Amino acid sequence: MQWLFETLRKYPELAIFLTLGVGYWIGAKKVKGFSLGAVTGTLLVGVLVGQLDIQIAPIVKQVFFLLFLFGLGYGVGPQFFRGMRSDGLPQVLFAVVLCVLCLLATWGTAVAFGFDAGTGAGLLAGAQTISAVMGVATDTINGLTKVDSATRASWINSIPVAYAVCYIFGTIGSAWLLASIGPKLMRVDLVQACKEYEAQMSGGQDTLELSGYRKFIARVYRLDQADLIGKTVADLEARFGDERVFVERIRRGGDIVDAAPDTPLQAGDILGLAGRHDVLVLHGAANVGQEVEDPDLINLPAELIEVVLTNKDIAGKTLREIAQSPESSFGRGVFLRKVVRGGHEMPVNWGLKLDRGDHLFIVGAKRDVERMVDKLGYADRQTDQTDMVFVGFGIVIGGLLGSLVLTVSGIPITLSTSGGALIAGLIFGYLRSVHPTFGRVPAAVHWFLTSVGLTTFVAVVGISSGPGFVEGFRQLGLKLFLAGVIATSVPMLLGVPLAHYVFKFHPAIALGVCAGARTTTAAIGQITESAKSQVPALGYTIPYAIGNTLLIIWGIVIVMLMA
């Protein structure tokens with residue numbers, strides 16, 4: 001063991017990877033449905049490894065922290081700027097109010113308990129589950145030139161202590177408060193409220209969202225309905241109403257012809273229809289005729305493709321409005337599998353309003369899918385290539401702007417390179433959503449930036465602060481935990497009734513905007529599970545973008561307030 005310890009001291013890079021490996025492993029372990037998560041697991045392992053007195057250059061953590069902040073901004077940028085439009089403005093305003101409540105509750109609690117600036121920043125990071133605060137608060141403390149170096153070091157070392165103690169209730173407590181106490185504060189049955197909202201959105205139609213049973217398929221029918229002879233393909237398709245069934249091809253005599261809406265139907269036609277499995281099984285024969293076998297007729301190349309919506313004429317419209325477009329061929333032969341917004345899957349039904357930057361997963365015959373891509377936006381085809389020119393210059397530009405210092409009454413105010421990288425990520429992410437021909441960061445790379453970037457930063461923080469962590473925890477452990485309970489609970493208990501009764505959000509949306517503004521993924525997961533619906537996710541994405549930005553900036557503010 002002595003050999004291992006000496007090796008880790010000599011090669012500190014190995015200590016970082018050891019911390020990451022064990023941290024991710026511990027963070028993934030679940031006890032009664034709860035897990036520490038990769039960040040907290042890595043921090044605790046880092047503290048343990050740090051007892052070996054391992055020295056790591058500070059530049060290492062800063063490099064990975066800038067990668068994390070840029071990646072975070074890149075991911076939420078489209079929702080951040082979309083929320084500034086009129087239809088998203090109420091959610092933006094609420095997110096700002098709730099974030100201010102989080103800051104005031106944390107600051108007031110820290111002052112009442114007599115904490116220093118570093119402990120206050122750690123309390124904010126843990127109670128509000130915003131790990132990145134540790135980075136920006138550290139940068140801000142280092143910039144306090146009028147504070148002596150020993151005090152700055154003491155404050156910085158107290159940040160991870162407070163974070164680790166307060167994070168557990170910050171995660172579990174916020175999820176429990178929103179999912180269990182939230183509906184009681186609004187006096188609603190959350191499951192029933194979501195059912196009613198889904199019915200309202202769908203206009204009385206079944207959801208378009210698919211289960212494992214509902215698959216899009218093609219089947220063949222002989223035209224037996226006499227009243228359809230001489231009519232057009234569009235007339236036949238209209239018999240299925242909102243169920244969206246399309247005639248793809250027709251076998252007429254010995255020939256196979258492609259079908260169009262104005263193609264006339266003739267006696268003896270064999271029709272290849274595409275639609276949902278359940279619709280064709282239940283209504284195909286009744287609306288068309290006897291089902292027959294003709295594999296060549298429906299042997300069409302099919303494609304499932306992910307499309308980034310950039311068309312301004314489509315953004316802001318519901319799926320029903322898009323399907324009923326005056327252009328007869330719009331959407332013909334194409335089916336929507338799912339919609340992903342800000343990394344979260346939306347409930348897909350006729351009332352869902354699409355936004356620029358949404359990722360639409362469409363399926364259908366290749367010719368129809370390719371036609372639809374041109375009308376929707378840009379095909380985000382799978383690739384392992386990352387636009388590092390885009391990422392590199394984004395971080396540099398953001399860092400340069402963030403490094404500028406404005407002195408007010410002798411107090412230096414700056415976003416720091418960290419805040420600048422976050423803002424640059426927001427802007428560059430939005431530009432990518434509007435013009436997706438450049439700046440691609442594949443999902444796997446984005447995960448690396450946001451997950452490994454943050455956990456590597458946290459690993460170095462834990463290793464560096466390890467020697468003083470145990471003593472700080474021994475002195476303030478219980479006191480910090482109680483402070484974390486207060487700082488976590490107050491904004492949530494005030495935020496839910498504020499969202500429902502003042503901002504007039506639907507109960508499910510109210511819980512979603514609270515979870516989003518607090519950037520607590522665990523809470524939105526618990527809420528949707530309790531609601532047995534994805535409706536709360538409709539209120540999550542815009543506040544999540546605002547909350548991620550403001551709560552990180554609060555790391556600067558709380559240090560300035562307490563220092």
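Thresholds, definitions, all that
- Residues numbered from 1 in each chain as written.
- Predicted model: local features only at pLDDT ≥ 70, side-chain atom pairs only at ≥ 80, totals over all residues.
- Heavy atoms only, no water.
- UniProt positions renumbered as here; feature names shortened; annotations may be inferred.
- Domains from an automatic or database assignment.
- Contact = heavy atoms within 4.5 Å.
- Buried area = accessible area lost by both parts, 1.4 Å probe.
- Salt bridge = Lys/Arg side-chain N within 4 Å of Asp/Glu carboxyl O.
- Polar contact = N/O pair within 3.5 Å; in protein donor to acceptor, adjacent residues only side chain to side chain.
- Helix = DSSP H or I, 4+ residues; strand = E, 2+ residues; numbered from the N terminus.
- Bend = angle between axes of the 7 residues up to and from the residue.
- Patch = residues over 30% accessible without salt bridge, like charges linked within 9 Å, V, L, I, M, F, W, Y side chains within 5 Å.
- Areas by Shrake-Rupley, 256 points an atom, 1.4 Å probe, with all protein chains shown as cover.
- Disulfide = S-S within 2.5 Å.
- Phe/Tyr/Trp six-rings, centres within 6.5 Å; stacked < 30°, edge-to-face > 60°.
- Buried < 20%, exposed > 50% of the residue type's maximum accessible area, 1.4 Å probe, protein only.
- Lys NZ or Arg CZ within 6 Å of the ring centre and 35° of its normal.

- The protein has the name Aspartate-alanine antiporter in an unreviewed UniProt entry, where Bordetella genomosp. 8 is given as its organism.
- As its UniProt record puts it under Sequence similarities (unreviewed entry), the protein is described as follows: "Belongs to the AAE transporter (TC 2.A.81) family."
- UniProt, in its Subcellular location (unreviewed entry) section for the protein, records the words "Cell membrane".

## Considering the domain arrangement of the protein
Here is step 1 of the chain: Here the protein is described as being made up of domain 1 (1-55), domain 2 (56-197 + 396-561), domain 3 (225-289) and domain 4 (301-379).
Here is step 2 of the chain: Using C-alpha coordinates to define each centre, domain 3 is positioned 23 Å away from domain 4.
Here is step 3 of the chain: Across the contact, 14 residues belong to domain 3 and eleven residues belong to domain 4.
Here is step 4 of the chain: Summed over both partners, the interface of domain 3 with domain 4 buries about 970 Å², with 45% contributed by carbon and sulfur atoms.
Here is step 5 of the chain: The largest per-residue losses of area from domain 3 upon contact with domain 4 belong to Asp242, Arg244 and Glu248, which jointly make up 54% of the total buried on that side.
Here is step 6 of the chain: Between domain 3 and domain 4 we count two salt bridges in total.
Here is step 7 of the chain: For the salt bridge of glutamate 248 with arginine 367, the shortest nitrogen-to-oxygen distance reads 3.0 Å.
Here is step 8 of the chain: Summed over the shared surface of domain 3 and domain 4, the number is three residue pairs in polar contact (both at pLDDT 80 or more).
Here is step 9 of the chain: Contributions of two or more residues to the side of domain 3 that touches domain 4 are made by helix H10 (233-238), strand S4 (246-252) and strand S6 (270-276).
Here is step 10 of the chain: Per-element accounting of the side of domain 3 that touches domain 4 gives the leading share, four residues, to S4.

## A closer look at helix H8 (residues 149-186)
Here is step 1 of the chain: Most pronounced at cysteine 166, the bend in H8 amounts to some 40 degrees.
Here is step 2 of the chain: The backbone nitrogen of alanine 150 has a side-chain oxygen 3.2 Å away, supplied by the residue at the start of H8, namely aspartate 148.
Here is step 3 of the chain: Just past H8, the residue arginine 187 takes up positive phi, approximately 60 degrees.

## Some words on a nonpolar patch on the surface
Here is step 1 of the chain: A cluster of nonpolar residues, Val96, Val100, Leu104, Trp107, Val111 and Leu561, forms a patch on the protein surface that exposes about 460 Å² of accessible area.
Here is step 2 of the chain: Of all the elements, helix H5 (residues 89-112) adds the most residues to the nonpolar patch, at five residues.
Here is step 3 of the chain: One can find valine 96 in helix H5.

## Let's talk about the state of the cysteines
Here is step 1 of the chain: Under the criterion given, the structure shown has zero disulfides.
Here is step 2 of the chain: Among the cysteines around cysteine 194, which has no disulfide bond, cysteine 514 carries the closest sulfur, lying 14 Å off.
Here is step 3 of the chain: Of the cysteine sulfurs around cysteine 514, a residue in no disulfide, the closest is that of cysteine 102, at 9.4 Å.

## What to know about the packing of aromatic side chains
Here is step 1 of the chain: Taken as a whole, this structure holds 17 aromatic pairs when the rule is applied.
Here is step 2 of the chain: Each ring, one from phenylalanine 94 and one from phenylalanine 505, has its centre 6.1 Å from the other, and the planes form 90 degrees; the classification is edge-to-face. You can see phenylalanine 94 sitting in helix H5 and its partner phenylalanine 505 sitting in the loop between helix H16 (443-502) and helix H17 (507-517), a full 411 residues away along the chain. Note on accessibility: phenylalanine 94 and phenylalanine 505 belong to one class, buried.
Here is step 3 of the chain: Here the aromatic cluster, defined as three or more aromatic residues joined through ring pairs, consists of Phe70, Tyr74, Phe390, Phe428 and Phe438.
Here is step 4 of the chain: Note that lysine 338 overlies the ring of phenylalanine 361, its terminal NZ or CZ placed 4.7 Å from the centroid.

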